[in-house]
Amino acid sequence: MSKMKAYSVPLVLFVLALFYQLLLLPRSFPPSHYDVLGIKRYTSIEQVKSAYDELYSKWNSGEEVPSTIHFLKIRYAYELLSHPLWKRNYDIYGFEEQLHVLYKVREQYGGESFSNIDLPLLDDAAIAFDHSDHAFKAITSENFRSMLNDSKPLLIQVYTDGSYRCAQFSNVWRRIVALLEGIANSGAVELNEIDLATYFAERKPTGQYFFRNGLPSLVAFPSWCKASHCMIRFEGELSVDSVTDWFATTILGLPRIFYHTKESLGKSFLAKSGPHKVKIICFSKTGERATPFLRQISKDYWAYASFAFVLWQEEESSFWWNTFEVDSAPAIVFIKDPGVKPTVYYGSFNNSWVSEIIERNKQQELPQLRSLTSLELGCDARGYSRSGNDIRIWYCVILAGRQSSELRRMRETMRRVQELLSSESDLDALDVDRSLTESAIAFQNKRLTFAWLDGEAQERYCSFYLYCETAFETCGPRRDLSDVPRLFVVRYKRNATAENIKVVGKPKNIWDVWQYEEVDPASQLVVRYNGSTEIPEIIKWISEIIKDGDFNDLPFYRVKTPDLVPEESEPIWSRGAQSIRSKSIGVKDRIHNIMGKSYDYLEDPRIGPALLLASLMSFGTIWLVRNQPGRPRQSGQQSQSSTEDESRPKQREHPRNLSKKIRPPITDVEPKDAYQMPLSDSETD
């Protein structure tokens, strides 16, 4: 029993080696179709036909009558290897697409004579497809290197002309290429480009090139890496939705745009989007995920807009009409400021048209003054007006306040002011003095801008322009129930003389550094509004400020304006886009791929000999250890082991160890007749 325990590891390894060599390995390497025909591997098509004709003549003469199963195997091998494309794919990549036909006819003709089987088994009709359009841009060994040098990502399809599956996928591929146009490059590689096809193929431990999921096979390269180790293989369902979602998420690192129902749209999307952002809702009839182009736009405009999808259902049409005035799909809805009617666009959308309407509607009617929009709106002393760099004087009307009902009402008032100034006919309807049109002219010439400022988020910036005792009612965190939105105008004037002054050499002292670096280029004059909220009064006040600022020689006041604080953190896709995994591949597909890759190693013929060698080496090692001269043999009797222990010479203990042992002191044991001598009080006794 002790010997069995000692040699258990070599025995287990030996059994595994036999099991692998006799059972697993033969199943991994079944007879090839050349073996079925009785010819050597990779022989020509003429030899294949000759071998089949010889067998068929024996069957017709009655010299040899094959079984139905045997005949089906031979016939299948003949049809496969006599077709040039199928033979090429089988010889190089082990690819045979119609293997399921063999199992099907075996069940169908299992009990009948081989003469009753309908031939041919395999059908090669209607499998050719047109790949002359731009979607099937042929990639060859010559132009592949130039495609890698392009900065755009690359999606490649590996296909073969002799495949039903590739022919059926051709329309899907055209749709995928159309959706990726302008974002990524694409191309197709036919298996006759052997060098490229083997570069994109996987390789078994035996050296055999193969495509695990068959053909067509899709591979991609991200824009930041075109090396072989950066090649990513698609292993999901070959559909437009799955492929584009995988490419957009995994390769491009783009965010997803989620679908919402009528119940979740308000609380999960509208309520959670920033108050400064335009809400963009896309209504879809198909339920497909957002295209890569739309995802790219959502990433580019994340600071301006939030995106959502809604699946259009006829039974909910009345709800969407009452809410957003949408009566059909596909449609795109832009929701801007509170109280502003949504803007709706209908029809199928191409990339250029979507870019145009989003650029046109990315801002709210009254845009918020933020760190990302200050220069764009012309409300920054370091920049220029919206009319260009040649304008010396421009104005910015800013409404500041905390998020409240008072601020919303005042924003509606200022939006109405904008609308009136943009149309002279509305000004005439107000029956105001023609001199008040100064503000309308400035607004139409883009020298006048309207914006609102979140006084709570931009406390320093707000307090800088509203420096007064009651600024806490508008700027900073809410301290009490009082929320007072305030309106003010900033006049910017650029001093051309000061701009032409150039500092030659290094600054002489610290004062020069402050003078030229700590001061904004344009001077600023701030005027606060203290009038009523009536629209004519506001327009009259703005016109007077513009008239006074344009025609009077006002002094320059150049200061350093506080920076606007970014209101949002950086989005996740800009920090770690490559770490986002696509959900196009389900859990079952991932498990299947892992099992498939593990199965590849079981086909390695080196595993059996390696297990046998390990078994022999472990057996020899254990035998040598157990039979070393002078090594005591094991015995089941405890008395023998104890006798051997007694016969061994005892090791002498080190003095340090002896000193560490606890010994009782001599005075601990007293004699029986011991007597305690009394001590004297005198030292001389």
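So, how was this worked out
Residues numbered from 1 in each chain as written. Predicted model: local features only at pLDDT ≥ 70, side-chain atom pairs only at ≥ 80, totals over all residues. Heavy atoms only, no water. Disulfide = S-S within 2.5 Å. Buried < 20%, exposed > 50% of the residue type's maximum accessible area, 1.4 Å probe, protein only. Axes fitted to C-alpha atoms, helices over the stretch in contact; angles between N-to-C directions. Helix = DSSP H or I, 4+ residues; strand = E, 2+ residues; numbered from the N terminus. Left-handed = near helix turned anticlockwise from the far one by under 90°. Contact = heavy atoms within 4.5 Å. Nonpolar A, V, L, I, M, F, W, Y, C, P; charged D, E, K, R; others polar. Pairing = 2+ DSSP bridges. Right-handed = clockwise from strand over helix to strand, strands pointing away. Core = buried A, V, L, I, M, F, W, Y, C linked by side-chain atoms within 4.5 Å.

1. Quick look at the state of the cysteines
Here's step 1: Counted according to the given criterion, the structure contains 3 disulfides.
Here's step 2: Here Cys-225 connects covalently by a disulfide to Cys-230, the sulfurs 1.9 Å from one another. The sign of the 75° torsion about the S-S bond sets the Cys-225-Cys-230 disulfide as right-handed. Accessibility assignment for this pair places Cys-225 and Cys-230 in one class, buried.

2. Quick look at the packing of helix α17 (residues 405-421) against helix α23 (residues 535-551)
Here's step 1: Taken N-terminus to C-terminus, the directions of α17 and α23 make an angle of 65°; their axes are 10 Å apart at the nearest point. In the crossing of α17 with α23, the sense of the turn from one axis to the other is right-handed. In this structure, α17 contributes Met-410, Thr-413, Met-414, Arg-416, Val-417, Leu-420 and Leu-421 to the contact, and α23 contributes Ile-535, Ile-538 and Ile-539.
Here's step 2: Counted by class, the contact of α17 with α23 contains 8 nonpolar, 1 polar and 1 charged residues.

3. Let's talk about the sheet that holds strand β12 (residues 448-454)
Here's step 1: Spatial strand order, β12-β11-β13-β14: 4 strands in an open sheet with mixed pairing. The sheet is open, and its two borders are formed by β12 and β14 (522-528), each paired with just one other strand. On average, adjacent strands in this sheet sit at an angle of 25° to one another, irrespective of strand direction.
Here's step 2: In the sheet, strand β11 (residues 393-401) pairs with β12 via 7 bridges, with the strands oriented parallel.

4. Some thoughts on the pairing of strand β2 (residues 185-190)
Here's step 1: Extensive coverage of β2 is indicated by the burial of 5 of its 6 residues.
Here's step 2: Sheet analysis places strand β1 (residues 154-159) next to β2, joined by 6 bridges and oriented parallel. Looking at β2, one finds that Gln-157 is bridged to Ala-188.
Here's step 3: As for the winding sense of the linkage, the β-α-β connection from β1 through helix α9 (residues 164-179) to β2 is right-handed.

5. What to know about the sheet that holds strand β9 (residues 331-335)
Across a sheet, strands are paired by hydrogen bonds formed along the backbone, either parallel or antiparallel in direction.
Here's step 1: The 4 strands are arranged β8-β7-β9-β10 in an open sheet whose pairing can be described as mixed. Only two strands of the sheet have a single partner each, and these edge strands are β8 (305-311) and β10 (343-346). When the angles between neighbouring strand axes are averaged without regard to direction, this sheet yields 20°.
Here's step 2: As judged from the 4 bridges shared by β9 and β10, these two strands associate in the antiparallel manner.

6. A look at the nonpolar core
Here's step 1: Grouped together as the largest cluster of nonpolar side chains are 64 residues, with contacts concentrated most on Phe-144, Leu-155, Ile-156, Phe-200, Phe-247, Ile-280 and Ile-358.
Here's step 2: In contact with Phe-200, not counting residues within four places along its chain, are Phe-144, Ile-156, Val-158, Val-189, Phe-211, Val-219, Phe-221, Met-231 and Arg-233.
Here's step 3: With 27 residues, the next largest nonpolar core counts Ile-393, Ala-440, Phe-443 and Ile-542 among its residues.

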